[in-house]
Amino acid sequence: MSARASDRVLPAILISLLAILFFDLMALVIKHLSARYGAAELSAWRNLFGLLPGLITLWSTRTWHDAGRPLRLRQWHIPLIRGLAVTVAQFCFYLALGRLAFATAATISYSNALFIVALSVPILGERVGPFRWSAALVGFAGVVMVMGPGRDAFSFDAVLPLIAAMLYAVAGVTSRLLDEDVPSPLVNLHSSGVAALGALGLALATGGFTPIASAADMAWIVAMGMFGGTAVLCLVVSYRMTEPSNLAPFSYAGIPTALLLGWVFFGEAPVQDLFPGAILIVAGGLMIVWRERRLSRRYREGTRQTGISAQ
């Protein structure tokens, strides 16, 4: 890593933590509104108002301007797949937020890192060794413990954030199939547009839109979209400032913040349901991150040695 990149690690971490906070705030608003509005219509509103930060991000991207401000993508089918995956993922996650404890739904959704490992094999053709499979199994065991099959309080609603996590992982893995010179904000805009149309169709198919009850609800809906769109914007910025492996360990900061926010705003404290399962989810994810960093370091060292020998 160059000195310049190293100097940007700390601000990248801070921006990624800000993204987590915005995602949690978005989820809080969704849970607040879910008593009066359906998951599909909330998803449609979130994507509609979330397009604004995406447009701002794209307009602020120098490489996009230098390339002549293109709007079309050669690999148009990939944002289409990502958008449809996000449509269903949002519907499942938003539905779970209305039915489960806030921290429980959020914690189960963090299993997407484990699905990324599994999906990298069929989609990207990657070879996943025993260590990473073991790490994924450790994390998945934690997910099962949080879901709580066999407990009196278990509900099949706990499967909803797991489905969401898998589909969010599909969106993440397929993004690596895109050409490297395609600006991330342009991909995000296309995927968000598909997700907005998909959520609109899903809302119309499941009963349509509930009339907005008050100006306060309208303000919450706008805030929900802005929180979500800004969170994505922060993630794009942070992942452009440093290597993803430098940020991945901090993504799990969302678990304790979700527990705290759920307790403060909804009086929920599902500590017994979350632990020790949440610890296993974090442990499995960090094992995968550690392995990825080691493989990346070996690759860089091998490339450097090859360059020296060539000279």
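Because the structure is a prediction, the values reported are computed rather than measured. (Residues numbered from 1 in each chain as written. Predicted model: local features only at pLDDT ≥ 70, side-chain atom pairs only at ≥ 80, totals over all residues. Heavy atoms only, no water.)

Enquirer: Please give an account of the overall build of the chain that cites residues and values.
Expert: Of regular secondary structure, the chain possesses 15 helices and 0 strands. Excluding contacts between residues fewer than 6 apart, the proportion of contacts in the chain whose partners are at least 24 apart in sequence is 87%. Taken as a whole, the chain presents about 15700 Å² of accessible surface, with 66% of it coming from carbon and sulfur. (Helix = DSSP H or I, 4+ residues; strand = E, 2+ residues; numbered from the N terminus. Contact = heavy atoms within 4.5 Å. Areas by Shrake-Rupley, 256 points an atom, 1.4 Å probe, with all protein chains shown as cover.)

Enquirer: So what's going on with the pattern of salt bridges? Residues and values would help.
Expert: For the structure shown, the criterion picks out 3 salt bridges. A salt bridge links lysine 31 to glutamate 268; the shortest N-O distance between them is 3.6 Å. Taken together, the positions of lysine 31 in helix α2 (residues 9–33) and glutamate 268 in the loop between α13 (254–266) and α14 (271–274) put the pair 237 residues apart, joining distant regions of the chain. For glutamate 268, a relative accessible area of 17% gives the class buried. (Salt bridge = Lys/Arg side-chain N within 4 Å of Asp/Glu carboxyl O. Buried < 20%, exposed > 50% of the residue type's maximum accessible area, 1.4 Å probe, protein only.)

Enquirer: So what about the environment of alanine 164? Which residues, and what values?
Expert: You can see alanine 164 is positioned in helix α9 (residues 159–174). Judged by its relative accessible area of 1%, alanine 164 falls in the buried class. C-alpha separation for the pair alanine 164 and serine 109, spaced 55 residues apart in sequence, amounts to 6.7 Å.

Enquirer: Describe the nonpolar core, and please don't skip the residues or the numbers.
Expert: Counting 53 residues, the largest nonpolar core has Tyr94 and Leu97 as its most contacted members. Here this core gets 8 residues from one element, more than from any other, and that element is α9. With near-sequence residues (within four places) excluded, leucine 97 lies in contact with Ala27, Ile30, Lys31, Phe102 and Ala105. (Core = buried A, V, L, I, M, F, W, Y, C linked by side-chain atoms within 4.5 Å.)

Enquirer: Can you break down the packing of aromatic side chains residue by residue, with the values?
Expert: Inspection of the entire model under this criterion finds 6 aromatic pairs. Between tryptophan 45 and phenylalanine 49, the aromatic rings sit 5.9 Å apart at their centres with planes inclined by 20 degrees, giving stacked as the arrangement. Of this pair, tryptophan 45 and phenylalanine 49 are both found in helix α3 (residues 39–59), 4 residues apart, which corresponds to roughly one turn of the helix. In this structure, lysine 31 is placed above the aromatic ring of phenylalanine 266, and the distance from its NZ or CZ to the ring centre is 5.6 Å. (Phe/Tyr/Trp six-rings, centres within 6.5 Å; stacked < 30°, edge-to-face > 60°. Lys NZ or Arg CZ within 6 Å of the ring centre and 35° of its normal.)

Enquirer: Could you give me a rundown of α9, with the residues and numbers involved?
Expert: With 16 residues, α9 should cover 22 Å at 1.5 Å per step; its first-to-last C-alpha distance of 23 Å lies within 8% of that length. On its buried face, α9 is in contact with α5 (77–99), α6 (102–109), α7 (112–124) and α8 (130–147). (Expected span 1.5 Å × (residues − 1).)

Enquirer: Mind laying out unusual backbone geometry, listing which residues take part and the relevant values?
Expert: In this structure, arginine 69 takes a positive phi of about 55 degrees despite not being glycine. Within the secondary structure, arginine 69 sits in the loop between α4 (62–66) and α5. Exposure remark for arginine 69: the relative accessible area of 44% places this residue in the partly exposed category.

Enquirer: How would you summarise a nonpolar patch on the surface if you had to cite specific residues and measurements?
Expert: Judged by side-chain polarity, Leu10, Leu14, Leu17 and Phe250 come together as a nonpolar surface patch covering roughly 350 Å² of accessible area. Its location among the elements puts leucine 10 in helix α2. (Patch = residues over 30% accessible without salt bridge, like charges linked within 9 Å, V, L, I, M, F, W, Y side chains within 5 Å.)

Enquirer: Explain the environment of leucine 25 to me, and be specific about the residues and the numbers.
Expert: Inspection of the secondary structure assignment puts leucine 25 in helix α2. For the pair formed by leucine 25 and alanine 223, sequence separation is 198 residues and the distance between their alpha carbons is 9.1 Å.

Enquirer: Run through α6, naming residues and quoting values.
Expert: Here α6 lies mainly inside the structure; 8 of its 8 residues are buried. Listed as buried for α6 are Phe102, Ala103, Thr104, Ala105, Ala106, Thr107, Ile108 and Ser109.

Enquirer: Residue-level account of the confidence of the model for the chain, with values.
Expert: Detail in the predicted coordinates should be disregarded across regions flagged by low pLDDT. Averaged over all residues, the pLDDT of the chain is 82; the fraction at 70 or higher stands at 86%. The lowest-confidence element of the chain is helix α1 (residues 3–7), averaging 42 in pLDDT; the highest-confidence one is α5, averaging 92. Every residue in residues 1–7 scores below 50 in pLDDT, and together they form 7 contacts with partners more than four places removed in sequence or on other chains. (pLDDT = per-residue confidence, 0-100.)

Enquirer: Before we move on, can you summarise the packing of α5 against α9 with the specific residues and values?
Expert: Two numbers describe how α5 lies on α9: the axes approach to 8 Å, and their chain directions differ by 155 degrees. The orientation of α5 relative to α9 falls into the category roughly antiparallel. Of the two possible hands of crossing, α5 and α9 adopt the one that is left-handed. Counted together, Ile78, Arg82, Ala85, Val86, Val88, Ala89, Gln90, Cys92, Phe93, Leu95, Ala96 and Arg99 of α5 and Leu160, Pro161, Ile163, Ala164, Leu167, Tyr168, Val170, Ala171 and Thr174 of α9 form the full contact between these two elements. Its residues assigned to classes, the contact of α5 with α9 comprises 17 nonpolar, 2 polar and 2 charged. (Axes fitted to C-alpha atoms, helices over the stretch in contact; angles between N-to-C directions. Parallel < 35°, antiparallel > 145°, perpendicular 65-115°, else oblique. Left-handed = near helix turned anticlockwise from the far one by under 90°. Nonpolar A, V, L, I, M, F, W, Y, C, P; charged D, E, K, R; others polar.)

Enquirer: An account of the side chain of arginine 82 is needed here, citing residue identities and associated values.
Expert: Mapped onto the elements, arginine 82 comes out in helix α5. On the basis of relative accessible area, arginine 82 is assigned to the buried category, the value being 16%. A distance of 2.7 Å separates a polar atom in the side chain of arginine 82 from the backbone oxygen of alanine 171. (Polar contact = N/O pair within 3.5 Å; in protein donor to acceptor, adjacent residues only side chain to side chain.)

Enquirer: Give a detailed account of the packing of α6 against α13, specifying residues and quantitative values.
Expert: Two elements in contact, α6 and α13, have axes whose closest approach is 8 Å; the angle formed by their N-to-C orientations is 165 degrees. When the axes of α6 and α13 are compared, the pair comes out roughly antiparallel. Here the hand of the crossing between α6 and α13 comes out right-handed. Of the residues in α13, those in contact with Phe102, Ala103, Ala106 and Thr107 of α6 are Ile255, Ala258, Leu259, Leu261 and Gly262. For the contact of α6 with α13, the class distribution of residues is 7 nonpolar, 2 polar and no charged.

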